[in-house]
Amino acid sequence: HLTEGDRMSQKLPVEFVVNPEFGRDPYAAYAALREKGPVHPIEFPPGVDGFLVVDYEHGRRALNDPRLSKNPFEGPEAFRAILGQGNPVLAHNMLNSDPPDHTRLRRLVSKAFTPRRTESLRPRVQEITDRLIDAMAVKGHADLLDDFAFPLPITVICELLGVPVEDRDDFRQWSTTLITPQFDDEQALRRVEANTAIRAYFVQTVAERRAEPREDMISALVAARDEEELLSENELVSTLTLLLIAGHETTVNLIGNGMLALLANPGQLRLLRERPELLPSAIEEFLRYEGPVERATFRFSTDDLEIAGVHIPKCSLVHVSLGAADRDPGAFEDPDTLDITRADNRHVAFGHGVHFCLGAPLARLEAQIAFGTLLRRLPDIALGCPPDELSWRQDGSLIRGLRALPVRF
Ligand code: HEM
């Protein structure tokens, strides 16, 4: 193990997490780091001490450590510039707050995400899935991301919130801009534009629902604001933005990454076809093996503290790699092997602690229907290009996903 001095002098450059080589196989890079120690200084963002956590034990603990805050307004300046006043439509929701605000904001939305409410969406999710596969099936080939994995969850979240799915190209563009943490002026300008546009969009929709309530989540949150003053107008817009982004940057890549994992491991694909009852455990394994959220959202230290013997000064960014934690041999046997029968799969792909993914039941439901139906209706699905032609997103966001997934059937 390196001393703290050695580690500080070997600060990882920001390119460590945004260069294309890393994108192709981050797990080898994480494994090499883990060999040296669980926590590493990283240059990200400029002018702020940052630390990357790459093992399961300390990563999981950090995700639920109350000394690590998610409130951007109290963080280091560069953090505020990206997530606080620099990104107001993202700044006032549960994911960017600490208890007690977090508890209040989460409780409001969690009413809409009860397992029962989620389960009631099953027939509609099946219908959307069938319709998308009908359209693909006649062609004999598809980009599984654009033709299927993207439209499925975005249609579901639009219907749940109560916004027209026809506006999805705007949502996609805003969403990508908001979650790309870059620091140059051009990006900052695009972030301001996306903030203005999304705010205007939701302010108008909220006004419409206030005048004429419907059976959707926007109307429910508007009622919570107006009748009980449980959340401010800023919090309302920010919560809707979070749900829209969370609802379509993640499940799309569970479907894409999971399908690629299966196609690259024909033995596991065969096993799943022979034993469809393994589907729920297969989905947990896709989440562990190649989860859509490669690195958790930023936390910062509210005090001087230590993680795994490494000194973390007050106001440092702490970045937990969920992808690295879920490939830690200290927590999983043969972590680099896809095993859809894996028992006791305690992955952290949905995070851990108070910020554990609120949409996990919905994501699991969508994935079960998506994989179950794809495998049944496209029995000979295969990769549509050589595996080394596939390209992974490298936009500096926290998401792990392909740019496209060509398939034929
Ligand atoms: C939080 C992953 C789908 C809504 C999180 C976090 C992770 C995550 C890792 C915690 C981030 C952190 O602590 O830094 C995923 C994955 C998904 C998925 C892998 C799909 C496979 C969804 C969906 C929704 C959703 C479909 C709802 C529309 C949320 C919300 C939070 C959250 C609201 C914030 C919870 C809080 O701060 O208390 N998600 N998510 N997610 N997710 Fe998901």
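Everything numeric in this text was worked out from a predicted model, so none of it was measured.

1. Quick notes on the overall build of the chain
When its secondary structure is counted, the chain shows 21 helices and 10 strands. The C-alpha radius of gyration of the chain comes to 21 Å, within 12% of the 22 Å expected for a compact globule of 409 residues. On the principal axes, the C-alpha backbone points of the chain span a range of 60 × 55 × 40 Å. Here the chain holds 409 residues, and the buried ones make up 43% of them. Once local pairs closer than 6 in sequence are excluded, the contacts in the chain between residues at least 24 apart make up 74%.

2. Section: the site of the ligand
In the neighbourhood of the ligand, 27 residues make up the surrounding shell, with Ala246, Thr250, Gly351, Cys357 and Gly359 lying closest. When contributions to the shell around the ligand are tallied by element, the ones reaching two or more residues are α16 (233-249), α17 (251-264) and α21 (360-377). At 4 residues, α16 tops the list of elements feeding residues into the shell around the ligand. Tallied by class, residues from the shell around the ligand come to 18 nonpolar, 8 polar and 1 charged.

3. What about α21?
Helix length check: α21, at 18 residues, gives a terminal C-alpha distance of 25 Å against a target of 26 Å (1.5 Å per residue), a fit within 8%. Within α21 the residues assigned to the buried category are Leu362, Ala363, Leu365, Glu366, Ala367, Ile369, Ala370, Phe371 and Leu374.

4. What about the packing of helix α14 (residues 185-211) against helix α15 (residues 217-228)?
One way to put it is that α14 packs onto α15 with a least axis distance of 9 Å and a crossing angle of 80 degrees. When the axis of α14 is compared with that of α15, the two are roughly perpendicular. The residues of α15 that touch α14, namely those facing Thr205, Val206, Arg209 and Arg210, are Ile218, Ser219, Val222 and Asp226. Partitioned by chemical class, the residues of the contact of α14 with α15 number 3 nonpolar, 2 polar and 3 charged.

5. Side note on the sheet that holds strand β2 (residues 49-53)
The strand order across the open sheet formed by 5 strands is β1-β2-β8-β5-β3, and the pairing between neighbours is mixed. Strand pairing shows two members of the sheet lacking a second neighbour, β1 (39-43) and β3 (68-69), which therefore form its edges. As defined by bridge partners, strand β5 (residues 299-301) adjoins strand β8 (residues 317-320) across 2 bridges and the pair is classed as antiparallel. Counted as the bridge partner of Arg299 is Val318 from β8.

6. Re the sheet that holds strand β9 (residues 382-383)
Judged by pairing direction, the sheet is antiparallel, and its 3 strands sit side by side in the order β4-β10-β9 without closing on themselves. Looking at which strands have only one partner, the edges of the open sheet turn out to be β4 (141-143) and β9. The pairing of β4 with strand β10 (residues 406-408) spans 3 bridges and is classified as antiparallel. Bridged to Asp143 within β10 is Pro406.

7. Remarks on the environment of Gly256
Mapping Gly256 onto the fold places it in helix α17. Once the C-alpha coordinates of Gly256 and Leu402 are considered, the two residues, 146 residues apart in sequence, prove to be 7.1 Å apart. Filtering out sequence-adjacent residues up to four positions away, Gly256 remains in contact with Leu144, Leu145, Ala149, Gly401, Leu402 and Leu405.

8. Quick word on helix α10 (residues 122-137)
The end-to-end C-alpha distance of α10, which contains 16 residues, comes to 22 Å, matching closely the 22 Å that a straight helix rising 1.5 Å per residue would cover. Buried within α10 we find Val125, Ile128, Thr129, Leu132 and Ile133. End-on view of α10: buried residues confined to an arc of 130 degrees, all on one side of the axis. Along α10, exposed side chains directed more than 90 degrees from the buried face belong to Pro123, Glu127, Arg131, Asp134 and Ala137. On its buried face, α10 sits against α11 (144-149), α12 (151-161) and α21.

9. Regarding unusual backbone geometry
Between Pro99 and the following residue, Pro100, the backbone shows a cis peptide bond with an omega angle of 5 degrees. Positionally, Pro100 belongs in the loop between α7 (88-91) and α8 (101-110). One non-glycine residue with positive phi stands out, namely Ala308, at about 50 degrees. Position of Ala308 among the secondary structure elements: in the loop between β6 (305-307) and β7 (310-312).

10. What about the pairing of β8?
Of the two faces of β8, both are covered, the one formed by Leu317 and His319 as well as the one formed by Val318 and Val320. Sheet topology note: the β2/β8 ladder contains 4 bridges and is parallel. Along β8, the bridge assignment pairs Phe51 with Val318.

11. Concerning the environment of Phe79
In this fold, Phe79 is placed in helix α6 (residues 77-83). The spatial distance from the C-alpha of Phe79 to the C-alpha of Leu317 is 8.3 Å, given a sequence separation of 238 residues. Apart from residues lying up to four places away in sequence, Phe79 is in contact with Val48, Pro72, Gly84, Phe298, Phe300 and Leu317.

12. What to know about the packing of α17 against α21
Packed helix pairs are specified by the crossing angle of their axes together with the interaxial distance, meaning the distance between the axes. α21 packs onto α17 with a crossing angle of 40 degrees between their chain directions and a minimal axis gap of 10 Å. One element, α17, and the other, α21, form an angle in the oblique class. Considering how the two elements wind past one another, α17 and α21 form a crossing that is right-handed. Between α17, through Thr251, Leu254, Ile255 and Gly258, and α21, the contact on the second element is made entirely by Ala363, Glu366, Ala367, Ala370 and Phe371.

The rules behind the values
- Residues numbered from 1 in each chain as written.
- Predicted model: local features only at pLDDT ≥ 70, side-chain atom pairs only at ≥ 80, totals over all residues.
- Helix = DSSP H or I, 4+ residues; strand = E, 2+ residues; numbered from the N terminus.
- Rg over C-alpha atoms; globule rule 2.2 N^0.38 Å.
- Buried ≥ 20, exposed ≤ 12 C-beta atoms within 10 Å, placed from the backbone.
- Contact = placed C-beta atoms within 7 Å.
- Near = placed C-beta within 6 Å.
- Nonpolar A, V, L, I, M, F, W, Y, C, P; charged D, E, K, R; others polar.
- Expected span 1.5 Å × (residues − 1).
- Axes fitted to C-alpha atoms, helices over the stretch in contact; angles between N-to-C directions.
- Parallel < 35°, antiparallel > 145°, perpendicular 65-115°, else oblique.
- Pairing = 2+ DSSP bridges.
- Arc of directions from axis to C-beta.
- Left-handed = near helix turned anticlockwise from the far one by under 90°.

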